[in-house]
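# An overview of the molecular structure
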Amino acid sequence: MTGMYCIGNFTGLANLKQMKSSEHHNVVLDYQKSWRMTSTITMRDRSKNRKPLQKGRNLSIEAIQTVQALKRASRDASSLEQVYDNKFRRLLKFDMIAVLRELLRQNQCLLALKVFEDVRKEEWYKPKLLLIAEMVTILGSNGLLQEAELVIAQLKAESGLLNPDLEGFNALLQSLMNLNLTDLAIECFCLMKSVSCDPDRLSFKILIDGLEANKEMDMLAVIQQDAHRYYGQYADFLEMDLTLPKCNK
């Protein structure tokens, strides 16, 4: 019952599930086609243990009150909509994002998804890859893999709004590989290059380590070839211990 209010906003989930099995077999071929083309151009549920709200500079009083009101109203669709109209939709941009992050921090995943749907409708909205990576990680850790896949599908549909954010893309690749969503990681790698964001050594290392761990040797060979195309004799970084830098959110 707790998740019913979110189902309407994620109507694409059923279609995504039906497409998944057929799309899986095409990922390697799709990437190989993309690789050949780019080689000719110049590359440029709720937690059982409730966590306290984070007070201070990250959350205003209005944001704190909105989080509390959303949680109280979450079991009733009409009450929840009233909270959205009377509280959430009146917040400033910074507070909306703060509410979303706080709900994610508390593992209030379905509420966070509904908030995210509203945020995406705002005129000022542009996808922030570090936030998307955070959402994917938390959704996946709570067993909501299909919802994580839908978030990525929405991101791909909004590619025209993306900036070439290398740090954000690397964080997203790492999140997907940590969840063993290798097909989605490869799709995001292609998306990364399509918005003129050149992968760095860490990008390739994340993919190669994940593909090796999952024994996906065909795709591994393609990615390794791509790494050598970018870095040539300097591709010895594939043997190095590279890690993502810590991000200030």
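Residues numbered from 1 in each chain as written. Predicted model: local features only at pLDDT ≥ 70, side-chain atom pairs only at ≥ 80, totals over all residues. Heavy atoms only, no water.

### Some details on the confidence of the model for the chain
How we decide: pLDDT is a residue-level measure of predictor confidence that goes from 0 to 100. Should any heavy atoms of two residues lie within 4.5 Å, those residues are considered in contact.
Looking at the chain, pLDDT values average 81 and 70% of them are 70 or higher. For residues 1-11, every residue scores under 50 in pLDDT, and the model assigns this stretch 17 contacts once sequence neighbours within four places are set aside. Considering only residues more than four positions removed or in separate chains, one finds that residues 37-57, a stretch of pLDDT under 50, has 36 contacts.

### Things to note about the packing of helix H5 (residues 77-86) against helix H7 (residues 109-120)
Which entries qualify depends on this criterion: Only C-alpha atoms enter the line fits that serve as axes; for helices the fit covers just the stretch in contact. Angles between N-to-C directions range over 0 to 180 degrees. By the criteria applied, helices consist of DSSP H or I runs no shorter than four residues and strands consist of E runs no shorter than two, each listed in order from the N terminus. Roughly parallel here means an angle under 35 degrees, roughly antiparallel means over 145, roughly perpendicular means 65 to 115, and every remaining angle is called oblique. Should the near helix be turned anticlockwise from the far one by less than a right angle, the crossing is termed left-handed; should it be turned clockwise, right-handed.
In the contact formed by H5 and H7, the axes pass within 13 Å of each other and the chain directions differ by 45°. Judged by the inter-axis angle, H5 sits oblique to H7. Classified by chirality, the crossing of H7 by H5 is right-handed. Between H5, through Leu 80, Glu 81 and Tyr 84, and H7, the contact on the second element is made entirely by Leu 111, Lys 114, Val 115 and Asp 118.

### Here's the deal with the state of the cysteines
For the record, the criterion: Any cysteine sulfur atom paired with another within 2.5 Å is treated as part of a disulfide.
For the coordinates displayed, the defined rule picks out zero disulfides. Here Cys 190 stays free of any disulfide, with the sulfur of Cys 188 as its closest cysteine sulfur at 9.3 Å.

### Observations regarding the pattern of salt bridges
Worth spelling out the cut-off: Salt bridges are identified by distance alone: a Lys or Arg side-chain nitrogen within 4 Å of an Asp or Glu carboxyl oxygen. Accessibility here uses a 1.4 Å probe with only protein chains present; expressed as a share of the type maximum, an area under 20% marks a residue as buried, one over 50% as exposed, and anything in between as partly exposed.
Across all of its chains, the model carries twelve salt bridges by this definition. The shortest N-O distance in the salt bridge between Arg 105 and Glu 102 comes to 2.8 Å. Here Glu 102 and Arg 105 lie together in helix H6 (residues 93-105), a separation of three residues that amounts to about one turn. Given the relative accessible area of 22%, Arg 105 is considered partly exposed.

### Thoughts on helix H8 (residues 129-141)
Note the threshold: The span you would expect from a helix comes to 1.5 Å times its residue count less one.
Spanning 13 residues, H8 covers 18 Å between terminal C-alpha atoms, matching the ideal 18 Å at 1.5 Å per step. Burial runs high along H8: ten of the 13 residues are buried. For H8, every residue scored as buried is listed here: Leu 129, Leu 131, Ile 132, Ala 133, Glu 134, Met 135, Val 136, Ile 138, Leu 139 and Gly 140. Looking at the packing, one finds that the buried side of H8 touches H6, H7, helix H9 (145-157) and helix H10 (166-178). Phi turns positive one or two residues past the end of H8, at Gly 143, with a value near 80°.

### Comments concerning the environment of Val 115
Turning to its location among the elements, Val 115 is positioned in helix H7. Put simply, Val 115 and Leu 103 are twelve residues apart on the chain and 8.9 Å apart in space, counted from C-alpha to C-alpha. The residues touching Val 115, leaving out its near neighbours within four places in the chain, are Leu 70, Tyr 84, Phe 88, Met 96, Val 99, Leu 100 and Leu 103.

### With respect to the environment of Asn 170
Along the chain, the position of Asn 170 falls in helix H10. Residues Asn 170 and Met 192 lie 22 residues apart in sequence; the distance between their C-alpha atoms is 9.4 Å.

### Quick word on the packing of H7 against H9
Angle between the axes and distance between the axes are the two parameters that describe a pair of packed helices. Worth spelling out the cut-off: Charged means Asp, Glu, Lys or Arg here, nonpolar means Ala, Val, Leu, Ile, Met, Phe, Trp, Tyr, Cys or Pro, and polar covers whatever is left, Gly included.
Axis separation between H7 and H9 bottoms out at 13 Å; the angle between their running directions is 10°. Comparing their axes, H9 and H7 come out roughly parallel. Facing Leu 113, Phe 116, Glu 117 and Arg 120 of H7, the residues of H9 in contact are Glu 147, Val 151 and Gln 154. Its residues assigned to classes, the contact of H7 with H9 shows three nonpolar, one polar and three charged.

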